[in-house]
Amino acid sequence: MAAPAYPAWVTRWVSGQWRNKKRPPTLRPPRTLALADKVANRREQPTEATCITEMSVMMACWKQNDFSDTPCAKEIKAFYDCVAKAETARKNQNEDTLSSRGNLPSSKVNKLLRRFPQITRYV
Amino acid sequence: RIMPVRWSRYSPSYLEPEVKKESYQKSFEELTEEEREEMELKAVRPIKAAPPTLSSSVFSDPMICKFTNMMMKSGNKVLARNLMSQTLEAIKRKQVEKYHKAPENEKETIECNPYVIFHQALNNCQPIIGISNITRGGKTYQVPVPLTDNRKRFLAMKWLITECRDNKHRRMLMPEKLSQELLLAFNNEGPVIRRKHVLHKMAEANRAYAHFRWW
């Protein structure tokens, strides 16, 4: 005869632990079971440095031409254009929209949540 | 034109004075819509007093003014301006002497205008990439960083002035030494250009740390 597979409640009843008036585990939550009005502070990952390729191209050109500026004028101009573009992009980016990685920083999230708090009691 | 000033005693309704003569010589029909609105605004709003350094003459140059201000010590603008004019005169004298001594075919290549020489020398002295100290994990690294135009101009002028003040003969006066340095910088030689190259070499040596930048 194979080992009879009883459902779990049968085994537990048969073991007799409930006859000693064992109470089911009471839930004693350390905090109230409700959504808080703030999120935890998360360390914002720093954005990547811009214009690194242009800079490395310019430095390669410098290495070849002994750091003089006249033969490398095109690379230098490209670097300046890249820097200007990055500067305008930084100024124009709106902080209230999602960042490039699709996350809002925790401070902005907290500000939004403070505007629409969780209702804890009805008056 | 915005004047960045920390504590201005003027109320925000005060407008900047317009110094250029050309803007007053235009007749009413030539103005665009925005310019007409600006003129109407200026008729109603109060105007700030023009500072003594602001001039409407054709001979005034904002770079030269900035350079004189940087050369000025303890507010002695009279001395700084005299030194600057003596420098420009010295440059002109040297270049004219060279011009008269040069053979015929080289006479066109010699530049005699001291303002052109000053601007070209400043452009040659401006560094293209700078270095900033960034601390990561307790250690400070020298990270190559792009500079703004203002910072480049400031560094070029500062290097010129410190070079002239430190490395000179005991009895040599500032105009002569400055004219020497400006002519060397105009030809891409001299200690200031060398300092710029040293900065570029340091930036090139530290290019591995370029990723530490976050802007």
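Residues numbered from 1 in each chain as written. Chains lettered and ligands numbered in written order. Predicted model: local features only at pLDDT ≥ 70, side-chain atom pairs only at ≥ 80, totals over all residues. Heavy atoms only, no water.

As named in an unreviewed UniProt entry, chain B is Small ribosomal subunit protein uS7m, taken from Thryothorus ludovicianus. The UniProt entry for chain B carries this comment under Subcellular location (unreviewed entry): "Mitochondrion". Among the UniProt annotations of chain B, the heading Sequence similarities (unreviewed entry) holds the following wording: "Belongs to the universal ribosomal protein uS7 family." (UniProt positions renumbered as here; feature names shortened; annotations may be inferred.)

Looking at an unreviewed UniProt entry, one finds chain A named CHCH1 protein, with Thryothorus ludovicianus as its source organism.

A. Highlighting the overall build of chain B. Looking only at helices and strands, chain B features 8 helices and 2 strands. Starting at the N terminus and walking to the C terminus, you meet the elements of chain B as α-α-α-α-α-β-β-α-α-α. Its C-alpha atoms give chain B a radius of gyration of 22 Å, more than 25% over the compact-globule value 17 Å for 215 residues. Principal-axis analysis of the C-alpha atoms places the extent of chain B at approximately 60 × 55 × 40 Å. Of all 215 residues assigned to chain B, the portion counted as buried reaches 34%. Considering only residue pairs separated by 6 or more positions, chain B has 67% of its internal contacts joining residues 24 or more positions apart. Here chain B displays about 14600 Å² of accessible surface, and carbon together with sulfur accounts for 53% of that area. On chain B, the mean spot of the 37 positive side-chain charges and the mean spot of the 25 negative ones are 12 Å from each other. (Helix = DSSP H or I, 4+ residues; strand = E, 2+ residues; numbered from the N terminus. Rg over C-alpha atoms; globule rule 2.2 N^0.38 Å. Buried < 20%, exposed > 50% of the residue type's maximum accessible area, 1.4 Å probe, protein only. Contact = heavy atoms within 4.5 Å. Areas by Shrake-Rupley, 256 points an atom, 1.4 Å probe, with all protein chains shown as cover. Lys, Arg positive; Asp, Glu negative; His and termini not counted. Charge placed at Lys NZ, Arg CZ, Asp CG, Glu CD.)

B. Quick peek at helix α2 (residues 33–44) of chain B. For α2 of chain B, spanning 12 residues, the distance from its first C-alpha to its last is 17 Å, which sits close to the expected 16 Å at 1.5 Å a residue. α2 of chain B sits mainly on the outside: 0 of its 12 residues count as buried. (Expected span 1.5 Å × (residues − 1).)

C. The interface of chain B and chain A, seen in detail. Opposite the 18 residues of chain B that make contact, chain A presents 19 residues. For the chain B and chain A pair, buried surface summed over both sides reaches about 1700 Å², with 66% attributable to carbon and sulfur atoms. Of all residues in chain B, I128, E204 and R213 of chain B bury the most surface against chain A, accounting for 33% of the area lost on that side. In this assembly, chain B and chain A are joined by 2 salt bridges. If you list the elements that add at least two residues to the side of chain B that touches chain A, you get β2 (139–146) and α8 (190–205) of chain B. Counting residues per element, the side of chain B that touches chain A draws most heavily on α8 of chain B, at 6 residues. (Buried area = accessible area lost by both parts, 1.4 Å probe. Salt bridge = Lys/Arg side-chain N within 4 Å of Asp/Glu carboxyl O.)

D. Local environment of α8 of chain B. For α8 of chain B, built from 16 residues, the straight-helix expectation of 22 Å at 1.5 Å per residue is met to within 8% by its first-to-last C-alpha distance of 23 Å. Contact partners of the buried residues in α8 of chain B: α2 (52–64) of chain A together with α5 (114–125), β1 (129–136), β2, α6 (149–166) and α7 (174–186) of chain B.

E. Seen up close, the confidence of the model for chain A. For chain A, mean pLDDT is 83; residues scoring 70 or higher make up 91% of the total. At the level of individual helices and strands, chain A shows its lowest average pLDDT in helix α1 (residues 8–14) of chain A, which scores 83, and its highest in α2 of chain A, which scores 91. (pLDDT = per-residue confidence, 0-100.)

F. Region of interest: the packing of helix α4 (residues 77–101) of chain B against α7 of chain B. Residue and element names in this part refer to chain B. Remark: α4 packs on α7, axes separated minimally by 8 Å, with the N-to-C direction vectors making an angle of 55°. Taken as axis vectors, α4 and α7 run oblique relative to one another. Crossing angle aside, the handedness with which α4 passes α7 is right-handed. Every residue of α7 that contacts α4 at L83, Q86, T87, A90, I91, K94 and Q95 is listed here: M174, P175, E176, L178, S179, Q180, L182 and L183. Looking at the contact of α4 with α7, its residues break down into 8 nonpolar, 5 polar and 2 charged. (Axes fitted to C-alpha atoms, helices over the stretch in contact; angles between N-to-C directions. Parallel < 35°, antiparallel > 145°, perpendicular 65-115°, else oblique. Left-handed = near helix turned anticlockwise from the far one by under 90°. Nonpolar A, V, L, I, M, F, W, Y, C, P; charged D, E, K, R; others polar.)

G. Region of interest: the state of the cysteines. One pass over the structure, following the stated rule, counts 2 disulfides over all chains. The disulfide bridge from C51 of chain A ends at C82 of chain A, spanning 2.2 Å between sulfur atoms. Between C51 of chain A and C82 of chain A the sulfur-sulfur dihedral comes to about -100°; the bridge is accordingly left-handed. Here C82 of chain A lies in helix α3 (residues 73–92) and C51 of chain A lies in the loop between α1 and α2, a separation of 31 residues in the sequence. As far as burial versus exposure is concerned, C51 of chain A and C82 of chain A are alike and both buried. Across the disulfide from C61 of chain A sits C72 of chain A; the S-S distance is 2.3 Å. Looking along the S-S bond of the C61 of chain A-C72 of chain A disulfide, the torsion reads about -100°, which is the left-handed sense. With C61 of chain A in helix α2 and C72 of chain A in the loop between α2 and α3, this residue pair connects regions lying 11 residues apart in the sequence. Among the residues examined, C72 of chain A registers a relative accessible area of 0% and is labelled buried. Listing the disulfide partners of chain A by sequence rank of the bonded cysteines yields 1-4, 2-3. Just so you know, C125 of chain B is unpaired, no disulfide at all, and the nearest cysteine sulfur is the one on C164 of chain B, 9.9 Å from it. (Disulfide = S-S within 2.5 Å.)

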